[in-house]
Amino acid sequence: MRLSRYFLPTMKDTPRDAEIVSHRLMLRAGMMQQSSAGIYSWLPLGFNVLKRIEQIVREEQNAAGWNEVLMPTIQPADLWRESGRYDDYGKEMLRITDRHERDMLYGPTNEEQITDIFRTHVRSYKELPGRLYHIQWKFRDEVRPRFGVMRGREFLMKDAYSFDVDFAAAKRAYNRQFVAYLRTFDRLGLKAIPMAADSGPIGGDLSHEFIILAQTGESEVFCHKDWLTTDAVPSNVDYDGDLQPIVDSCLARYAATDEKHDPATCPVDAADLVNTRGIEVGHIFYFGTKYSAPMGAKVAGSDGKEAEVHMGSYGVGVSRLVGGIIEACHDENGIVWPEEVAPFHIGLVNLKVGDTACDGVTEDLYAKLGNAGIDVLMDDSNDRPGAKLATMDLIGLPWQIVVGPRGVAGGVVEVKNRKTGEREEMTPEAALNRFAG
RNA sequence: CGGGGUGUAGCGCAGCCUGGUAGCGCAUCUGCUUUGGGAGCAGAGGGCCGGCGGUUCGAAUCCGUCCACCCCGACCA
């Protein structure tokens, strides 16, 4: 992509209303624009990142054995009356009346909708387990939206659901998602720690929040220091095998949010305990027959008797992750994207557009990197060198290739790693081989 | 929902107390010079000062009211 043809409205000044770093950087980097409180338009750079995150989440859900569907944003109130939540949900639910005076709502979540789909089509235990997910915009009319996309009213969420014949089978579904989440967040370049969460009226221990560590996070967390150095993520997972040992080994290491943490009963020595901050990016839980019972989602068992299915739901805040990743990955100059979610892999900077030698080297590299299938953003604008380099640092592409008259005269370009700041001079051919070799 | 704060050019801000026809920086446009970490000079364009009402000869400024947005707290399957 040529910068001259890319809509990238960056800002030098920080918009006054943006308080936390991810919000500031998203606005300054031209990723999004606020529409109203907690509601944003996604501009090309931000939308690019959002789609990449979504795709990684999707790939890992598919790998774990879930089928993707797409449910509507607008739902009929009657479904929610069945589950009893229409009256319980309160003002957080945006209620709408259509032209025929029918009560509708903008979905804050989809348990009712998915249960309706399941009960319509599934009759026998032989058709279980049921595993469906979608990635769709949600709306929750938060009392106080804040922190940009971190706590928006409209947000993109992956919500997966499982339907099983009994608790043991439901727990296997839960474990699949648990492991899928470890892998998903790892691919996103994040250290996500599962922490026991309030499981509500159902009870039991099958509810975990996945929290990424970031100094600017919303909640205070405590964990064993081993979490900082250990890579808990399994590779080559056999999702059909027994996942319990993976889950158990993960949970053997202490981690808790401040609500759950009690210094009096904490099993970790103070010297081994890390107190830091985190952002909730995923939440999984088992809730049994909470929806299948009132909504009549039953299947016939092997004994011929009908039984209500055991359900679980598993959420990932996709749009929140954009902000969460920035909170975890930035420095004083701007964003530092992890490679897997970076909107472009390389920023190719022509420091002196119009200079025949610089133009030649830059265009040649751009064409060859593009042919190699690498996403490159080429700065072919007439800005000053300082402005170009500052913009590249701001938008945080993992690599920069800087082509300037000084280097080109000596037959070299500069390759810079955004994260480490290391710069290396090499011939254009060597640079090409570095990335496309 | 309680408490606090802010609305003036695309962005960041001053002006308001003490009323007199709107200003600065950046950005934008034109020209020239410049080109390795957010350039310089010269010129130009862009605002019914959040809305409505009131006081006044006259309101960005004073009064009332509404709206929007931000921050703290409570809340957040």
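Analysis parameters
Residues numbered from 1 in each chain as written. Chains lettered and ligands numbered in written order. Predicted model: local features only at pLDDT ≥ 70, side-chain atom pairs only at ≥ 80, totals over all residues. Heavy atoms only, no water. Domains from an automatic or database assignment. Contact = heavy atoms within 4.5 Å. Buried area = accessible area lost by both parts, 1.4 Å probe. Salt bridge = Lys/Arg side-chain N within 4 Å of Asp/Glu carboxyl O. Polar contact = N/O pair within 3.5 Å; in protein donor to acceptor, adjacent residues only side chain to side chain. Core = buried A, V, L, I, M, F, W, Y, C linked by side-chain atoms within 4.5 Å. Buried < 20%, exposed > 50% of the residue type's maximum accessible area, 1.4 Å probe, protein only. Helix = DSSP H or I, 4+ residues; strand = E, 2+ residues; numbered from the N terminus. Near = heavy atom within 4 Å. Nonpolar A, V, L, I, M, F, W, Y, C, P; charged D, E, K, R; others polar. Phe/Tyr/Trp six-rings, centres within 6.5 Å; stacked < 30°, edge-to-face > 60°. Axes fitted to C-alpha atoms, helices over the stretch in contact; angles between N-to-C directions. Parallel < 35°, antiparallel > 145°, perpendicular 65-115°, else oblique. Pairing = 2+ DSSP bridges. Expected span 1.5 Å × (residues − 1).

Asks: What is the right way to read the domain arrangement of chain A from this model?
Replies: Parsing chain A into structural domains produces domain 1 (3-335) and domain 2 (344-436). If you average the C-alpha positions of domain 1 and of domain 2, the two centres end up 38 Å apart. Tallying the contact residues gives 16 residues for domain 1 and 12 residues for domain 2. In total, domain 1 and domain 2 occlude about 1200 Å² of area from one another, counting both sides; carbon and sulfur atoms represent 57% of this. When the area that domain 1 buries against domain 2 is broken down by residue, the three leading residues are L3, N333 and I335, summing to 41%. Counting the contacts that link domain 1 with domain 2 gives two salt bridges. Linking D375 and R52 is a salt bridge whose minimum nitrogen-to-oxygen distance equals 3.0 Å. Viewed at the interface, domain 2 and domain 1 are joined by six residue pairs in polar contact (both at pLDDT 80 or more).

Asks: I tried to follow the nonpolar core on my own but got confused; where do I start?
Replies: Generally speaking, a soluble globular protein has its nonpolar side chains buried in company with each other. Core analysis: the biggest nonpolar cluster contains 83 residues, and M31, I53, F185, L188, V322 and W337 have the highest contact counts within it. Sorting elements by how many residues they give to this core places helix α6 (residues 167-187) first, with nine residues. Among residues more than four places away in sequence, those in contact with M31 are M26, S41, W42, L43, L45, G46, F47, V49, V322, I326, I335 and W337. I346, Y366, V403 and A431 belong to the second-largest nonpolar core, a separate cluster that totals 20 residues.

Asks: Please clarify how the protein's contact with RNA strand B should be interpreted in this entry.
Replies: Neighbouring RNA strand B are 37 residues; R16, R151, F285, R384 and D393 lie closest to it. One of the side-chain nitrogen or oxygen atoms of R28 is found 3.1 Å away from a base oxygen of RNA strand B. Those elements that provide at least two residues to the surface near RNA strand B are β1 (32-36), α12 (385-395), α13 (405-409) and β22 (413-417). Among the elements that make up the surface near RNA strand B, the one with the highest residue count is α12 (seven residues). Along the lines of polarity and charge, the residues of the surface near RNA strand B split into 12 nonpolar, nine polar and 16 charged.

Asks: What is the right way to look at the packing of aromatic side chains in this model?
Replies: Within a pair of aromatic rings, the relevant descriptors are the distance that separates the centres and the angle that separates the planes. Across all of its chains, the model carries 14 aromatic pairs by this definition. Each ring, one from F285 and one from F287, has its centre 5.7 Å from the other, and the planes form 65 degrees; the classification is edge-to-face. For F285, a relative accessible area of 27% gives the class partly exposed. A centroid spacing of 5.4 Å and a plane angle of 70 degrees characterise the contact between W399 and F435, whose relative ring orientation is edge-to-face. One end of the pair, W399, is in strand β21 (residues 399-403); the other, F435, is in helix α14 (residues 428-436), with 36 residues separating them in the sequence.

Asks: Would you mind going over unusual backbone geometry with me for this structure?
Replies: Glycine aside, a negative phi is what most residues show, and trans is what most peptide bonds show. Across the junction of L128 and P129, the peptide omega takes the value 0 degrees, indicating a cis bond. Its place among the elements puts P129 in the loop between α5 (111-121) and β7 (130-139). A positive phi angle is found at F147, which is not glycine, with a value near 60 degrees. By secondary structure assignment, the location of F147 is in the loop between β7 and β8 (154-164). Unusually for a residue other than glycine, N236 sits at a positive phi of about 50 degrees. Assignment of secondary structure puts N236 in the loop between α7 (226-229) and α8 (244-251). N236 sits in the exposed class, given a relative accessible area of 75%.

Asks: Hey, could you run me through the pattern of salt bridges in this one?
Replies: Between side chains of opposite charge, pairing is possible as soon as their charged atoms come close. This model, assessed by the stated rule, comprises 29 salt bridges. Across the pair D78 and R81 runs a salt bridge whose closest N-O atoms are separated by 2.8 Å. Here D78 and its partner R81 are both found in helix α3 (residues 77-83), three residues apart, which amounts to about one turn of the helix. For the salt bridge of R176 with D240, the shortest nitrogen-to-oxygen distance reads 2.6 Å. Taken together, the residues R176 in helix α6 and D240 in the loop between α7 and α8 connect sequence positions 64 residues apart. By relative accessible area, which is 9% here, R176 ends up buried.

Asks: How should the packing of helix α1 (residues 21-28) against helix α10 (residues 318-328) be read in this particular structure?
Replies: Between two packed helices, both the angle of their axes relative to each other and the distance between the axes serve to describe the pair. Closest axis-to-axis distance for the α1/α10 pair is 8 Å, and the angle between their directions is 105 degrees. Here α1 is positioned roughly perpendicular relative to α10, judged by the angle of their axes. Mapping the contact onto sequence places V21, S22, L25 and M26 in α1 and V322, G323, I326 and E327 in α10. Tallied by class, residues from the contact of α1 with α10 come to five nonpolar, two polar and one charged.

Asks: Could you clarify how one ought to interpret the sheet that holds β21 in this entry?
Replies: Across a sheet, strands are paired by hydrogen bonds formed along the backbone, either parallel or antiparallel in direction. If you walk across this open sheet you meet the five strands as β20-β19-β21-β22-β23, and the pairing is mixed. Unpaired on one side and paired on the other, β20 (376-379) and β23 (423-426) mark the two borders of the sheet. Taken pair by pair, the neighbouring strands of this sheet meet at an average axis angle of 20 degrees, ignoring direction. Strand contacts of α12: β19 (346-350), β20, β21 and β22, with the helix running at about 175 degrees to β19, the strand carrying the most contacts.

Asks: Would you explain α6 in this entry?
Replies: Spanning 21 residues, α6 covers 30 Å between terminal C-alpha atoms, matching the ideal 30 Å at 1.5 Å per step. Sitting at the head of α6, D166 places a side-chain oxygen 3.4 Å from the backbone nitrogen of A168. Of the residues trailing α6, G189 is marked for its positive phi of about 85 degrees.

Asks: Please explain the pairing of strand β9 (residues 192-196) as it appears in this structure.
Replies: Regular strands have side chains that alternate between both faces of the sheet. Within β9, four of the five residues are buried, which leaves it mostly tucked inside the rest of the structure. Across five bridges, the pairing between β9 and strand β10 (residues 207-213) is antiparallel. Counted as the bridge partner of P194 is F210 from β10.

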